[in-house]
Amino acid sequence: MSITDHIFISELPGERRSWIFNPWMLLVFRLALAAVFIYAGLQKIGKPLAFADEIEMYKVLGYGPLLYCVAIVLPWIELLCGISLVTGVFLRGSALILLIVNAVFIVVIAFRTVNVMAEEGIGFLEVYFDCGCGFGATYAWKKLIEDLIFLALSCILLVAHAYRFIVIRRRRRIA
Amino acid sequence: MNKLKSAILQALAVAVIGSIVACIFNSVSVNGIDPFRKIYDVPVNDGAAAGGDDAIRIVTIEEMQDAWARRCIIIDARTEREYIEGHIPGAVLFDYYELGRYIQEVLPSISTDQELVIYCAGPDCDDSELLARELYLLGYRNLSVFKGGYEAWIDAGLPLETSGDEAL
């Protein structure tokens, strides 16, 4: 067996599986993540300048073509990932995208939090800003916890053996 | 390995489809933008560097008062809600985040040689300068940005207005 065979959950005869990979739990995780990212995507679609401003606040990308391209494309990818989670089409790929996206969000929010703490001389629990995710301003620690949860759910969906409740299913059982 | 390959291929498919749909929507949306426009090449006279006669000027509170007294066209680059709550008397709302919509509604009645002074919330807000750069790319060449913004105007005890949109 390769390393990836160990990472992705396999269904061997008689193998006991955690409740996390119960098909109904996977459906709950799918719908929860889908709700978040469909809403987040819809909040930002059609507002590229506002979203570009939010991204620029992280000081990772300056104003320029790359920033504007990200501001134009990322909301649509969030929306499509949410739709994918609901329908089950390209589900594993969308889980991979959301895992990467959330990992990046956590890193940049953490860096911005540290910068705000240094600039304003406030504690970690006091840092409050609009992360640009589409849900308005919130405490940084709350946002980090949320994104860690989303990261965990994305990871679970990525490594799950198979899913039920798929709108379009290929002949093979592996989704 | 099959599942990992499958995940990567599916992720690429979602990314490509998302990018195509995003580009199509951006091209037809009223607030769509050209990501490759040279907004960062627009000349700005910010004191550190002189950008030429038609560069965007950064003005002080005194110069802003003078422009207001001369009845120049004052542009408020904030949101509609902020504008309704209070704005510099006579200012025209031009929400920078709805650029396409306000280009269609406001610019047809402003000629490119008219003097425009743009402000937003305060010194930490970049929207006034960003809007000025966008207007420069549209051919407007008599542009000033009041960086102190609405915050500085209020701090100076100057009058404000709390009505709705002002018609030109």
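Worth saying up front: this structure is predicted, and the values here are computed from it rather than measured.

A. Region of the structure containing the overall build of chain B. On a plain count of helices and strands, chain B comes out with 6 helices and 6 strands. Secondary structure elements of chain B occur, N-terminal to C-terminal, as α-β-β-α-β-α-β-α-β-α-β-α. In terms of overall dimensions, chain B is more spread out than a globule: its C-alpha atoms have a radius of gyration of 20 Å, far above the 15 Å expected for 168 residues. Taking the principal axes of its C-alpha atoms as reference, chain B extends roughly 70 × 35 × 30 Å. Taken over 168 residues, chain B has a buried fraction of 43%.

B. Broad picture of the sheet that holds strand 6 (residues 143-146) of chain B. Residues and elements named next belong to chain B. Pairing in this open sheet of 6 strands is parallel, and the strands run 1-2-6-5-3-4 from one edge to the other. Looking along the sheet, the strands with just one partner apiece sit at the ends: strand 1 (44-45) and strand 4 (92-93). Here strand 5 (residues 116-119) runs beside strand 6; their pairing, made up of 4 bridges, is parallel. The residue bridging Tyr119 from the neighbouring strand is Phe146, located in strand 6.

C. The arrangement of the confidence of the model for chain B in detail. Here chain B shows a mean pLDDT of 90. Residues at 70 or above account for 93%. With pTM at 0.83, the complex prediction returns an ipTM value of 0.85.

D. Region of interest: the packing of aromatic side chains. Counting across every chain of the model gives 9 aromatic pairs over all chains. An angle of 65 degrees between the planes, with centres 5.9 Å apart, marks the rings of Phe37(A) and Phe150(A) as edge-to-face. Linking Phe37(A) in helix 2 (residues 23-44) with Phe150(A) in helix 6 (residues 140-159), this pair joins segments that are 113 residues apart in sequence. By relative accessible area, which is 14% here, Phe150(A) ends up buried. On the numbers, 5.3 Å between centres and 85 degrees between planes, the contact of Trp68(B) with Trp153(B) is edge-to-face. Pair noted here: Trp68(B) is in helix 2 (residues 61-69) and Trp153(B) is in helix 6 (residues 149-155), with a separation of 85 residues, a long-range link. The exposure class assigned to Trp153(B) is buried, which follows from its relative accessible area of 0%. When the ring centre of Tyr150(B) is taken as reference, the NZ or CZ atom of Arg78(B) above it lies at 4.2 Å. Geometry around Tyr136(B) places Arg141(B) over its ring, the cationic atom sitting 3.8 Å from the centre.

What counts and how
- Residues numbered from 1 in each chain as written.
- Chains lettered and ligands numbered in written order.
- Predicted model: local features only at pLDDT ≥ 70, side-chain atom pairs only at ≥ 80, totals over all residues.
- Heavy atoms only, no water.
- Helix = DSSP H or I, 4+ residues; strand = E, 2+ residues; numbered from the N terminus.
- Rg over C-alpha atoms; globule rule 2.2 N^0.38 Å.
- Buried < 20%, exposed > 50% of the residue type's maximum accessible area, 1.4 Å probe, protein only.
- Pairing = 2+ DSSP bridges.
- pLDDT = per-residue confidence, 0-100.
- Phe/Tyr/Trp six-rings, centres within 6.5 Å; stacked < 30°, edge-to-face > 60°.
- Lys NZ or Arg CZ within 6 Å of the ring centre and 35° of its normal.

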